Amino acid sequence: MEDVKHREEVGELDILLKALFNINRSLTGEGNRRTFDLLQEIIPLKVFEYACGTSVYDWTIPDEWVIRDAYIKGADGKRLIDFGESNLHVMGYSTPVDQKMYFDELAPHLHYLDSNPEAVPYRTSYYQRDWGFCISKSQYQQLKDISGPLTVFIDSGFKPDGSMAVAELLIPGKNDKEFLVSTYCCHPSMANDNLSGLLTATYLARDLLSAEMPQHSWRFVFLPETIGAIAYLNHNEAAMKRLLGGLVVTTCGGPGALGYKETFLGNHLVDRAIRLAFRDRKVEPIRYPFVPDGSDERQYSSPGFRIPVASITKDKYYEYPQYHTSLDNLDFVNGSQIKESLDLYRDVFRILDRNVVYRSNVPCGEPQFGRRGLYPATGGAINQPGAVGPNEIARQIDAMTWLQFLADDDHDLMIIAERSGIAFLTLEKIASQLLEAGLIELCDKH
Ligand code: ZN
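## Observations regarding the coordination of the zinc ion
Link 1 in the chain: At the metal site, the zinc ion is ligated by His187 (NE2), Asp193 (OD) and His324 (NE2), and these contacts range over 2.0 to 2.1 Å.
Link 2 in the chain: Written as a sequence motif, the donor residues of the zinc ion are H-x5-D-x130-H.
Link 3 in the chain: The buried category is assigned to His187, whose relative accessible area is 2%.
Link 4 in the chain: Overall, the relative accessible area of 2% leaves Asp193 in the buried class.

## Side note on the sheet that holds strand β14 (residues 258-261)
Link 1 in the chain: Taken in spatial order, the eight strands of this open sheet run β1-β10-β12-β11-β13-β16-β14-β15, and their pairing is mixed. The sheet is open, and its two edges are formed by β1 (46-51) and β15 (286-288), each paired on a single side. The sheet shows a mean angle of 20° between the axes of neighbouring strands, taken without regard to direction.
Link 2 in the chain: Sheet topology places strand β10 (residues 163-171) next to strand β12 (residues 217-223); five bridges connect them, and they run antiparallel.

## Some details on the domain arrangement of the chain
Link 1 in the chain: Domain boundaries in the chain define domain 1 (2-62 + 164-353), domain 2 (65-159) and domain 3 (357-442).
Link 2 in the chain: A separation of 36 Å is found between the C-alpha centroids of domain 1 and domain 3.
Link 3 in the chain: On the side of domain 3, eleven residues touch domain 1, which itself brings nine residues to the contact.
Link 4 in the chain: Across the domain 1 to domain 3 interface the summed buried area is about 850 Å²; carbon plus sulfur atoms make up 58%.
Link 5 in the chain: Three residues, Arg272, Arg279 and Arg350, lead the burial of domain 1 against domain 3; their summed loss comes to 50% of the area buried on that side.
Link 6 in the chain: Across the domain 1-domain 3 interface, the total number found is two salt bridges.

## Re the environment of His411
Link 1 in the chain: Note on placement: His411 falls in strand β18 (residues 408-412).
Link 2 in the chain: In the structure, His411 is positioned 55 residues away from Val356 in sequence and 8.7 Å away in space, judged by C-alpha atoms.
Link 3 in the chain: Apart from residues lying up to four places away in sequence, His411 is in contact with Val357, Tyr358, Leu406 and Ile416.
Link 4 in the chain: A polar contact is formed between the side chain of His411 and the side chain of Asp408, at a distance of 3.0 Å.

## What to know about the side chain of Asp315
Link 1 in the chain: Assignment of secondary structure puts Asp315 in the loop between β16 (309-314) and α10 (335-353).
Link 2 in the chain: One buried charged residue, Asp315, remains without a salt bridge, the closest side chain of opposite sign being Lys314 at 5.9 Å.
Link 3 in the chain: A polar contact is formed between the side chain of Asp315 and the backbone nitrogen of Gly256, at a distance of 2.7 Å.
Link 4 in the chain: Beyond its immediate sequence surroundings of up to four residues, Asp315 is in contact with Asn192, Thr251, Gly254, Pro255, Gly256, Ala257, Tyr320 and Phe332.

## Structural notes on the sheet that holds strand β9 (residues 150-159)
Link 1 in the chain: Reading across from one edge, β5-β4-β9-β6 is the order of the four strands in this open sheet, with antiparallel pairing throughout. Two strands bound the open sheet, and with one partner strand each, they are β5 (79-82) and β6 (97-101). The sheet shows a mean angle of 15° between the axes of neighbouring strands, direction not considered.
Link 2 in the chain: Packed on one face of the sheet, helix α4 (residues 137-144) meets β4 (64-73), β5 and β9 and runs near 145° to β5.

## Comments concerning the pattern of salt bridges
Link 1 in the chain: Inspection of every chain in the model, using the stated rule, returns 34 salt bridges.
Link 2 in the chain: Its salt-bridge partner being Lys261, residue Glu297 comes within 2.6 Å of it at the nearest N-O pair. Pair noted here: Glu297 is in helix α9 (residues 297-300) and Lys261 is in strand β14, with a separation of 36 residues, a long-range link. Taken individually, Glu297 and Lys261 each receive the classification buried, so the pair is uniform in this respect.
Link 3 in the chain: Taking the shortest distance from any N to any O, the salt bridge between Asp293 and Arg298 comes out at 3.8 Å.

Analysis parameters
Residues numbered from 1 in each chain as written. Predicted model: local features only at pLDDT ≥ 70, side-chain atom pairs only at ≥ 80, totals over all residues. Heavy atoms only, no water. Donors = N, O, S within 2.8 Å, 3.2 Å for Na, K, Ca; no water. Buried < 20%, exposed > 50% of the residue type's maximum accessible area, 1.4 Å probe, protein only. Pairing = 2+ DSSP bridges. Helix = DSSP H or I, 4+ residues; strand = E, 2+ residues; numbered from the N terminus. Axes fitted to C-alpha atoms, helices over the stretch in contact; angles between N-to-C directions. Domains from an automatic or database assignment. Contact = heavy atoms within 4.5 Å. Buried area = accessible area lost by both parts, 1.4 Å probe. Salt bridge = Lys/Arg side-chain N within 4 Å of Asp/Glu carboxyl O. Polar contact = N/O pair within 3.5 Å; in protein donor to acceptor, adjacent residues only side chain to side chain. Lys, Arg positive; Asp, Glu negative; His and termini not counted.

Structure follows, in structure tokens:
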């Protein structure tokens, strides 16, 4: 049954990857709205439009970019480079061009990678008006060999009266503690950066909506990187300053090893939850200590907000050769890889959301578990070296004694999991049995 569910989810993720891959996303524009439309079929995202030209802290929301077509043609009229084939071919925010020119004049506007001849690089020029084509090294060579004039055409434009779309989903919890989950939506046809983040965050939100009401509130935001996060902070300053911590979901669908970028504090609740999730799954992640470079943690953790945010990654940005190129495609990323990160994130969410504190109802001396049917009747065999007996019972008793020992109004389940080495999810299960037997009660001061 579990297997069937697993396969179904992987299949769904693969379908969504295909549906989203070719959409031309950018900081602004219809591609982002179409992306949100598709995700709204899964979760009820609320889309907000921030007007272009609005000042947000030290930044200004740029004009909305429109791109319809672009190509480079030879004398025979054949498209040598075609935006219709890949939206990576046009540098993001390119100004319009309609000119005939020789290769030498065109060359300063061509971007390619010497190190990776088959890859088309991803380039943008958001804040400086310019135009450009991004091509593979072999395409560059092909253009260079043409001695006659080339037709260079970009049918693009800017809408100063347009807007930048951001999406939000607030999932209320039983208490007023709130966590942030942020992902970005501004990259065109690349899968790990950034479709893996979009899909993982979407599925995490769907999980929370379909389960019983979470303890804490969860704020999901889907926005263009940097300017979107800054604009959102600006529009939601008071609420964002109250956040307990968060996760920036990015680059978590590659074939490589799982990793984890720490919060700027390094030992925040979010860090501890991630470490426990990895530990309990017996996975050793690549550790990336915090640096003020990377994704939107740069904005959320800035001095005005100081929200500790971390990321779980699988082929982290900067770290894989396909990064920001056409090779970050659907051969590189698939649903099954995304699901590995998604399942880890699920554990992190559960740990953060179920991290409660218990108080013992039998604080003086140990409770007598046996009298309550919680302990095997034959004494002596537990933890005896070489004793034949079910390990599962030993583990359960271990969990019971740790829980009962630290049920003192002060130690939450995460601390008990850290000190005992027992998996958080095991402790959670055993705690509910102790609760039912009346040995502990929930402490609500936390
Ligand atoms: Zn990127």
